[in-house]
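Below are the chains, spelled out letter by letter.
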Amino acid sequence: MDNKDKQKMAEWSITARTQWWGRDWKEIWNYQNLLFGLVQREFLLYYKQTLLGPIWMLLQPILTLLIYLAVFGKLVGISTGTIPPILFYLSGIILWNFFSEGFSGTSKIFQDNIQLFSKVYFPRIILPLSVLFVQGLRFLIQFTFLIILIGGYVLFNDLSINFNAGTFSIPVIILFTGVMGLAFGICCSLLTAKYRDLGNIIPTGIRLLMFLTPVIYPVSGTPENLRWLVFWNPLTPLFEAFKFALLGEGTFTMVQLSYSMICAFVFLLIGFASFNKHGDNLIDVV
Amino acid sequence: MSAILKVENVSKVYQLGQTNTGTLKKDLHRWWAVNVQKKEDPFAIESYPNNTQSDTLWALKDISFEVNQGDILGIVGSNGSGKSTLLKILSRIVRPTSGTVRGKGKVNSLLEIGTGFNWDLTGRENIFISGYFLGMKKQEIQQCFDEIVAFSGVERFIDTPVKHYSSGMYMRLAFSVAAHLEPDILIVDEVLAVGDAEFQTKCLKKMEEASHLQGRTILFVSHDAQVVSNLCHKALWLDKGEIRENGETQRVVDCYLASLKEKEVAQVRPENAESTIQVKSMAVTALGKSQDQVILVHDPIEIQIELSCFTEGFNIEVGLALNTQDGTCVFDLGSPTIKAEVGEIYYTMQIPEDLLNAHKYTISLMIHKSNAPAILEFKNLTTFEIQDFRERLSYFGSRQGIIRPRVQVELLAKMKRTNKNPL
């Protein structure tokens, strides 16, 4: 009891100085209920007052898939290698959505939540994390649908899939794609909060980035002399590895994959540190 | 009794003006100077000579005070005095520009009612999410969920989206969540300004209970001097970012109110286009008290008017109308007619004690000249406020009505009904 009282009356202090690494991790842990509450809220809000409800989570990528099939498959005629176009596009779309929604969601975190930030204290990092978790859950639902679809192809269309060592690395690839989106997002969130201009550039930037990422085309289909441009993008090896592990076709090397992972990690460190250092001061500016 | 919260030399400076290319230039300049050239920050706050710099605003300036455990500290001050900034710093929403705040235990702040509430979610879902935002655990909310709902009185609508609630219900539900927090230090902004009188009383009682029984420390900001003096043990008066008074509630609140009064009485318009007659001064005081003392409900009120007359040969009659702030006339009265002479004319009028309620009133003057059709009218010449200082009562809200005569209330008999109602 005495011990509990002491713990409850923990001392704290507020000063002008903010730190790069001084984050109180225990505090974030204490707010885990808020994190999961926010994830739950997003899901609840997602289908409030809709007729189809959670089905939209699957309908969205399917509609995109149909458009890509028509435009890039039939009109432009981009080759998808030996992989059936539906599986090729869908796997690209859901992984891309996971990244881009996480990225754009976290990059607007200050502007979207200023009402909250200026009225109540909680560890600010909870909000970007909740965006990542929401997108992660959405991705898992879509991913399950993709797996079922692949299963269907294997059973009825004689698609042969070789399970390779890469199959087990799928969770790691997904994790790093999400981390990349989060990392880019927090880095940008700090800048967009102060300079709104960036808020206008980001959606365009994301669309451009998509064309530099093998979402609608395989790397093997790009001209040799332009391939460096695609591989300069740290997302490329992740996408190729994802398709390789899932569908057995993809062009990447272990060095390139390591480059992606290091990139994601470094951006995450920069993002977290700057968020710690500057996040509190931004409330005055937004 | 030890200090649970210590504020040491806290200042907060805001940059005025817009964020634009100038800001980026400054930011880059600063970054270059500090990180590359290893020089001092050219835009550091210390480098400003003082607050004369036109593009900075000192919202708080070198504030220091202590709060003991179990105290209720009332913070008063006019708009822009830095009350909200102080609360935001104490609740960790913004960082001070300099200085330190030290404290012990869990802090919760209520700067707004319904933080984290979502329009589309039901009452039940909102209770949980806003509880999480306020730092509560799922278990804690589940434990007092029924209590929260009962306190708010919206049982029937708990599974309806809050967008269908009336604003009163919304407020009650939002406050109820906050009322069941169990922090060591509770910071409350003027959230109580909303909601009906009954609910306000309920909330204030709950706050007093928390402080009294559970040793909770409360910091409470309000415009309502009445509530502060009834509820708080100590008070702090902020004025333009600085502490003017700090200490025993009644003294601080009196000083604060007196300062408001000074400003109001000084509003007499000295010049008028009419050159025949002018209002030289006008003063409203409690009878037998000085200008800067507060007028209470139980004081007789004296109005002194001084006119300057520049011509002769007509009769003057002065009329006075006392209005409430919303323009309702409480009464008007006229003076006896006199012959005008060059010089000064003095009037004094007395309003009896126990007549007007605690409100703000304005006085308008009308001067009738007998042989000229013109009527000089001075609208809202002076504003004054009557304060209501009652002994500690269980009722915190203010009395309704424009007048408040002393009415004899006597209890004649108290009978217990024994047999059943014949109906």
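Everything numeric here is computed off the predicted structure, so don't read it as measured data.

Helices and strands together make up the secondary structure of chain A, namely 13 helices and one strand. Along the first, second and third principal axes, the C-alpha atoms of chain A reach 70 × 45 × 35 Å. Scored against the burial criterion, the 286 residues of chain A give a buried share of 50%. The contacts of chain A with a sequence gap of at least 6 include a subset with a gap of at least 24, amounting to 77%. By element, 67% of the accessible surface of chain A is carried by carbon and sulfur atoms, the whole surface being about 14,400 Å². The averaged location of the 15 negative side-chain charges in chain A is 5 Å from the averaged location of its 19 positive side-chain charges.

When its secondary structure is counted, chain B shows eight helices and 18 strands. Split into buried and exposed, the 423 residues of chain B put 48% on the buried side. For chain B, the accessible area works out to roughly 22,000 Å², and carbon and sulfur atoms hold 50% of it.

If you look at the interface, chain B gives 50 residues, while chain A gives 39 residues. Interface area lost by chain B to chain A is led by Arg92(B), Arg95(B) and Phe133(B), which between them contribute 21%. The interface formed by chain B and chain A includes one salt bridge. The partner of Arg92(B) in a salt bridge is Glu27(A), with the nearest N and O atoms 3.1 Å apart.

This brings us to the sheet that holds strand 10 (residues 277–286) of chain B. All names here are of chain B. Taken in spatial order, the three strands line up as 10-12-16 in an open sheet, and their pairing is antiparallel. Whereas interior strands pair on both sides, the edge strands pair on one side only; in this sheet they are strand 10 and strand 16 (343–351). The average angle at which neighbouring strand axes cross in this sheet is 15°, direction not considered. Of the strand pairs in this sheet, strand 12 (residues 301–309) and strand 16 are connected by nine bridges, and their pairing is antiparallel. Residue pairing for strand 16: Leu-307 is matched across the bridge by Ile-345.

Read from one edge of the open sheet, four strands run 1(A)-4(B)-1(B)-2(B), paired in antiparallel fashion. Because the sheet does not close on itself, it has two edges, and the strands there are strand 1 (11–15) of chain A together with strand 2 (56–68) of chain B. Averaged over all adjacent pairs, the angle separating strand axes in this sheet is 15°, with direction ignored. Helix-sheet contacts for helix 2 (residues 83–90) of chain B involve strand 1 of chain A together with strand 1 (3–15), strand 2 and strand 4 (98–104) of chain B, and the interaxial angle to strand 1 of chain B is about 120°.

Structurally, chain B comprises domain 1 (3–11 + 58–256) and domain 2 (269–387). Distance between the C-alpha centres of domain 1 of chain B and domain 2 of chain B: 42 Å.

In this section: the packing of aromatic side chains. Residues and elements named next belong to chain B. A complete count under the given rule lists 26 aromatic pairs over all chains for this structure. Between the aromatic rings of Trp-237 and Tyr-256, the centroid separation amounts to 5.9 Å while the plane-to-plane angle is 65°, which identifies the pairing as edge-to-face. Of the two residues, Trp-237 is situated in strand 8 (residues 234–239) and Tyr-256 in helix 8 (residues 249–265); the sequence distance between them amounts to 19 residues. Here Trp-237 matches Tyr-256 in class, with each residue buried.

The next point concerns a nonpolar patch on the surface. All names here are of chain A. A cluster of nonpolar residues, Leu-51, Leu-52, Ile-55, Trp-56, Leu-63 and Leu-66, forms a patch on the protein surface that exposes about 630 Å² of accessible area. Along the chain, the position of Leu-52 falls in the loop between helix 3 (32–47) and helix 4 (56–76). The class of Leu-52 is partly exposed, set by a relative accessible area of 39%.

With 157 residues, the main nonpolar core has Phe122(A) and Phe220(B) as its most contacted residues. Examining the composition of this core, we find that 13 residues originate from one element, helix 9 (residues 170–194) of chain A, more than from any other.

On to the side chain of Gln142(A). Turning to its location among the elements, Gln142(A) is positioned in helix 8 (residues 126–156). Leave out the neighbours within four places in its chain, and Gln142(A) touches Met57(A), Leu58(A), Pro61(A) and Ile94(A).

Moving on: the pairing of strand 1 of chain B. All names here are of chain B. Relative to strand 2, strand 1 runs antiparallel, the two sharing nine bridges. In the strand pairing of strand 2, Val-10 is matched with Ile-63. Bridge count between strand 1 and strand 4: five bridges; the pairing is antiparallel. Following the sheet pairing, Ser-11 is matched in strand 4 by Ser-98.

Let's shift gears to the pairing of strand 6 (residues 185–188) of chain B. All names here are of chain B. A two-sided burial pattern is seen for strand 6, the buried positions comprising Ile-185 and Ile-187 on one face and Leu-186 and Val-188 on the other. In the sheet, strand 5 (residues 107–110) pairs with strand 6 via four bridges, with the strands oriented parallel. Its bridge partner being in strand 6, Ser-109 is matched across the sheet by Ile-187. Note that strand 6 and strand 7 (residues 217–221) share four bridges and pair parallel. Residue pairing for strand 7: Leu-186 is matched across the bridge by Ile-218.

Further remarks concern helix 4 (residues 138–152) of chain B. If you look at helix 4 of chain B, its biggest bend is around 55°, right at Cys144(B). Where helix 4 of chain B ends, the next residue or the one after it, Gly153(B), has phi of about 70°, a positive value.

With that out of the way, let us pick up the packing of helix 9 of chain A against helix 13 (residues 254–282) of chain A. All names here are of chain A. As a packed pair, helix 9 and helix 13 sit with axes 8 Å apart at the nearest point and diverge in direction by 35°. Helix 13 is crossed by helix 9, and the crossing has left-handed handedness. The residue inventory of the contact of helix 9 with helix 13, partitioned by class, reads 19 nonpolar, six polar and one charged.

Okay, unusual backbone geometry next. Leaving glycine out, the prevailing phi sign among residues is negative, and the prevailing peptide bond configuration is trans. Residues and elements named next belong to chain B. Although it is not a glycine, Arg-92 adopts a positive phi angle of roughly 65°. Position of Arg-92 relative to the elements: it lies in the loop between helix 2 and strand 4. A positive phi angle, close to 50°, is found at Lys-240, a residue other than glycine.

Here we come to a negative patch on the surface. All names here are of chain B. Taken together, the side chains of Glu-140, Asp-146, Glu-147 and Glu-182 make up a negatively charged region of the molecular surface. Summarising the element assignment, Asp-146 is placed in helix 4. On the accessibility criterion, Asp-146 (62% relative accessible area) is exposed.

What counts, and at which threshold
Residues numbered from 1 in each chain as written. Chains lettered and ligands numbered in written order. Predicted model: local features only at pLDDT ≥ 70, side-chain atom pairs only at ≥ 80, totals over all residues. Heavy atoms only, no water. Helix = DSSP H or I, 4+ residues; strand = E, 2+ residues; numbered from the N terminus. Buried < 20%, exposed > 50% of the residue type's maximum accessible area, 1.4 Å probe, protein only. Contact = heavy atoms within 4.5 Å. Areas by Shrake-Rupley, 256 points an atom, 1.4 Å probe, with all protein chains shown as cover. Lys, Arg positive; Asp, Glu negative; His and termini not counted. Charge placed at Lys NZ, Arg CZ, Asp CG, Glu CD. Buried area = accessible area lost by both parts, 1.4 Å probe. Salt bridge = Lys/Arg side-chain N within 4 Å of Asp/Glu carboxyl O. Pairing = 2+ DSSP bridges. Axes fitted to C-alpha atoms, helices over the stretch in contact; angles between N-to-C directions. Domains from an automatic or database assignment. Phe/Tyr/Trp six-rings, centres within 6.5 Å; stacked < 30°, edge-to-face > 60°. Patch = residues over 30% accessible without salt bridge, like charges linked within 9 Å, V, L, I, M, F, W, Y side chains within 5 Å. Core = buried A, V, L, I, M, F, W, Y, C linked by side-chain atoms within 4.5 Å. Bend = angle between axes of the 7 residues up to and from the residue. Left-handed = near helix turned anticlockwise from the far one by under 90°. Nonpolar A, V, L, I, M, F, W, Y, C, P; charged D, E, K, R; others polar.

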